[in-house]
Every structure is written in C-alpha cells, then in structure tokens.
Amino acid sequence: MRDDKRSTQRMLFGDPGLPGAGLSVAVVVLMVLAALGGALGFMRLPDSMIGIGLICVALLLAVAARIFQARDQHQALFRLLDKRPPL
C-alpha cells in the first residue's frame, strides 16, 4: 500500500529528484521568458523611469529566489515523508 501511495504522490506532485537536481523544464522555460521580458522592458525604459525599472528587476529576482526556495522546501518535505514509518 505504501508504494501505491508514493507513486500517486510522485504522479501528482512530480518526483523531487536528488537534492542537487535542477528545476523542471517548465520552470526553466518560464524563468528564461521572464528574464528576456524583463531585460527587453528595462532596455526600452526612458531615462526618467530607470529607478522604477531597477525596482522591477529586483522584484523579478525576488520571485526567482522564492521559486528556488520553494523547490528546496518541497524536496525536504519529500525526504521527510520517505523517512516516515509505514502506517
């Protein structure tokens, strides 16, 4: 029964992989598109709005950092669930 539950969790939430494993392909694609959009938007800003542009770039970096932190927490949760004794 435990193997069935684990395979269902892996199917629904994805395999967390090894601790050093990278992000999923979808997250990498979205991060690249966000970086390209941010760079293009920053280059097109007039001089009077550079301050706002820097704040937006910092916000983009903060969102990216939160994505990486969430993945680490997700992996830690799966490692704890694997150590849990069977019911």
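Residues numbered from 1 in each chain as written. Predicted model: local features only at pLDDT ≥ 70, side-chain atom pairs only at ≥ 80, totals over all residues. Heavy atoms only, no water.

1. Comments concerning the overall build of the protein
Item 1. Check the secondary structure of the protein and you find three helices and zero strands.
Item 2. Per-residue burial over the protein gives 8% buried out of 87 residues.
Item 3. Of the accessible surface of the protein, which amounts to about 7000 Å², a share of 72% is contributed by carbon and sulfur atoms. (Helix = DSSP H or I, 4+ residues; strand = E, 2+ residues; numbered from the N terminus. Buried < 20%, exposed > 50% of the residue type's maximum accessible area, 1.4 Å probe, protein only. Areas by Shrake-Rupley, 256 points an atom, 1.4 Å probe, with all protein chains shown as cover.)

2. Section: the packing of helix α2 (residues 25-43) against helix α3 (residues 50-83)
Axis angle and axis distance: for two packed helices, these are the angle between their axes and the distance between the axes, and together they describe the pair.
Item 1. Closest axis-to-axis distance for the α2/α3 pair is 10 Å, and the angle between their directions is 170 degrees. The orientation of α2 with respect to α3, classified from their angle, is roughly antiparallel. Together, Val27, Met31, Ala34, Ala35 and Phe42 of α2 and Ile50, Gly53, Leu54, Val57, Leu60, Ala64 and Ile67 of α3 make up the contact between the two elements.
Item 2. In terms of residue class, the contact of α2 with α3 is built from 11 nonpolar, one polar and no charged. (Axes fitted to C-alpha atoms, helices over the stretch in contact; angles between N-to-C directions. Parallel < 35°, antiparallel > 145°, perpendicular 65-115°, else oblique. Contact = heavy atoms within 4.5 Å. Nonpolar A, V, L, I, M, F, W, Y, C, P; charged D, E, K, R; others polar.)

3. Focus: a nonpolar patch on the surface
Item 1. Together, Val25, Val28, Val29, Leu30, Val32, Leu33 and Leu36 give the surface a local cluster of nonpolar side chains, amounting to about 670 Å² of exposed area.
Item 2. For valine 32, the position within the fold is in helix α2.
Item 3. With relative accessibility at 44%, the residue valine 32 sits in the partly exposed group. (Patch = residues over 30% accessible without salt bridge, like charges linked within 9 Å, V, L, I, M, F, W, Y side chains within 5 Å. Salt bridge = Lys/Arg side-chain N within 4 Å of Asp/Glu carboxyl O.)

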